[in-house]
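Here are the chains, one letter per residue:
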Amino acid sequence: MTNTAMPSHEILENFGLSDPVFVVTTGIAMVWRVRCADGREAALKLYHGRTMGNESTGFVYLKALDGVGAARVYRYTDRSAVIEWLSGPSLGDLTRAGEDTRAAKALVEVARTLHSAPLEISAPLPELEAWFGGLLSLDVPAGTLEDARHNLMRCQALARQLLSTQHDIRPLHGDLHHDNVRLGARGYCAFDAKGVLGERTYELANAFRNPKGAPDVVRDPARIRYLRDLWSDLFEVDPTRLMQWAAVKCALSIAWRRDETGLPQDEFDLLECLLAIAEAG
C-alpha cells in the first residue's frame, strides 16, 4: 500500500465502516480515520504483516480496560483493529510546543488511571523477563565505543537484578510515553499498548526517552530529575528504582535496534545520563 491507498471494500464492509481518510503510515501499520455505522468516528489500523507483532497482546490489555484511561477498542482481528478516535494533540505535541511540564503531569495522571482499573485479562500476557531477552542476550559487537560497551554491560547486570526482585506485578501498558497518549472526547487516553506483565514501576520507564523530536529536552539532566521526582511521587514508586528501570529500558531499546552495521549510537549519551542519575540516588 502507498500513502494514498484506501482500505479494501471488504475490510470496510466487514467492520461496518465508511468515509476512510488516510492519517499516517508507521513502521508496522497504516491508520485511517473512518466512520462507524452508528456515526461515530474511529481509527482503523491495518498492520503491514500477517500479525500485529508485539502489539497483539496490547489489544487484549486495552480491551480489558474498557476505556478506563485508554482508547476504547471496538473490534480487532489478527492484523487489524478499530479503536476510538482521538483527535489530539498528543502529549508529545505538547512537549514539542514547549509545554513539557504540562505533558509530564498529564502522563502520570493517565498512568494512575490505567492502574486504577481492576482487570480481567482474557489471554496470557508476556512477562517482563521475556521482554528483556534482547538486552540480556546481547553480545556487544566489536567496534562499540568503550564507554557505551561498559554502560550496556552495566545495564545487563542491572536488568537481571531488577527482574529478579520485581514486586507489585500487574498487567502493564508496556509502552506508555508521550506520543502514545492523545486527547480525545473523554480526555487524555493511552493507545498503542504492548500488554506485558511486570513490575508496576516499569510503566513509566520508556517515557524518559520521549518524546521523539525533542532531543535537547529529553537529554536535559534537570528535566530527567524533575520527571523522576514528579512521577515517583504521584505514581507512588521508588525514585531510584524508577530511574534504574528507565536506564535498562533505554539499553533494551538500543539492543532492539541493532542491525548488520552494529548498535545505533544515537542514545549512548542518554543512557549514560540515565545511569548517572540512577546511581546518584
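Note: the structure precedes this text.
Residues numbered from 1 in each chain as written. Predicted model: local features only at pLDDT ≥ 70, side-chain atom pairs only at ≥ 80, totals over all residues. Heavy atoms only, no water.

(A) Molecular detail of the sheet that holds strand E3 (residues 41-47). Ordered in space as E1-E2-E3-E5-E4, the five strands form an open sheet in which the pairing is antiparallel. What marks the edges here is a single partner per strand, and that holds for strand E1 (17-25) and strand E4 (73-76). Sheet twist, expressed as the mean angle between neighbouring strand axes with direction ignored, is 25°. Helix H2 (residues 56-65) contacts E3, E4 and strand E5 (80-84) of the sheet and is inclined by roughly 145° relative to E4. (Pairing = 2+ DSSP bridges. Helix = DSSP H or I, 4+ residues; strand = E, 2+ residues; numbered from the N terminus. Axes fitted to C-alpha atoms, helices over the stretch in contact; angles between N-to-C directions. Contact = heavy atoms within 4.5 Å.)

(B) Spotlight on the pairing of strand E7 (residues 181-184). Bridge analysis of E7 against strand E8 (residues 187-190) gives four bridges, and the strand direction is antiparallel. Following the sheet pairing, Val 181 is matched in E8 by Ala 190. As consecutive antiparallel partners, E7 and E8 are separated by two residues.

(C) Broad picture of the environment of Ala 251. For Ala 251, the position within the fold is in helix H10 (residues 239-256). Using a relative accessible area of 0% as the deciding quantity, one classes Ala 251 as buried. Considered as a pair, Ala 251 and Gly 134 are 117 residues apart in the sequence and their alpha carbons are 9.6 Å apart. When neighbours within four sequence positions are excluded, Ala 251 is seen to be in contact with Leu 135, Leu 152, Cys 155 and Leu 271. (Buried < 20%, exposed > 50% of the residue type's maximum accessible area, 1.4 Å probe, protein only.)

(D) Looking closely at the pairing of E5. Taking burial as the measure, the five residues of E5 include five buried ones, the bulk of the element. Strand direction decides the pairing type here: E3 and E5, joined by five bridges, are antiparallel. If you follow Ala 42 over to E5, its bridge partner there is Glu 84. In terms of strand pairing, E4 meets E5 through three bridges, oriented antiparallel. Along E5, the bridge assignment pairs Tyr 76 with Ala 81. Turn length for the E4-E5 hairpin, with the two strands adjacent in sequence and antiparallel, is three residues.

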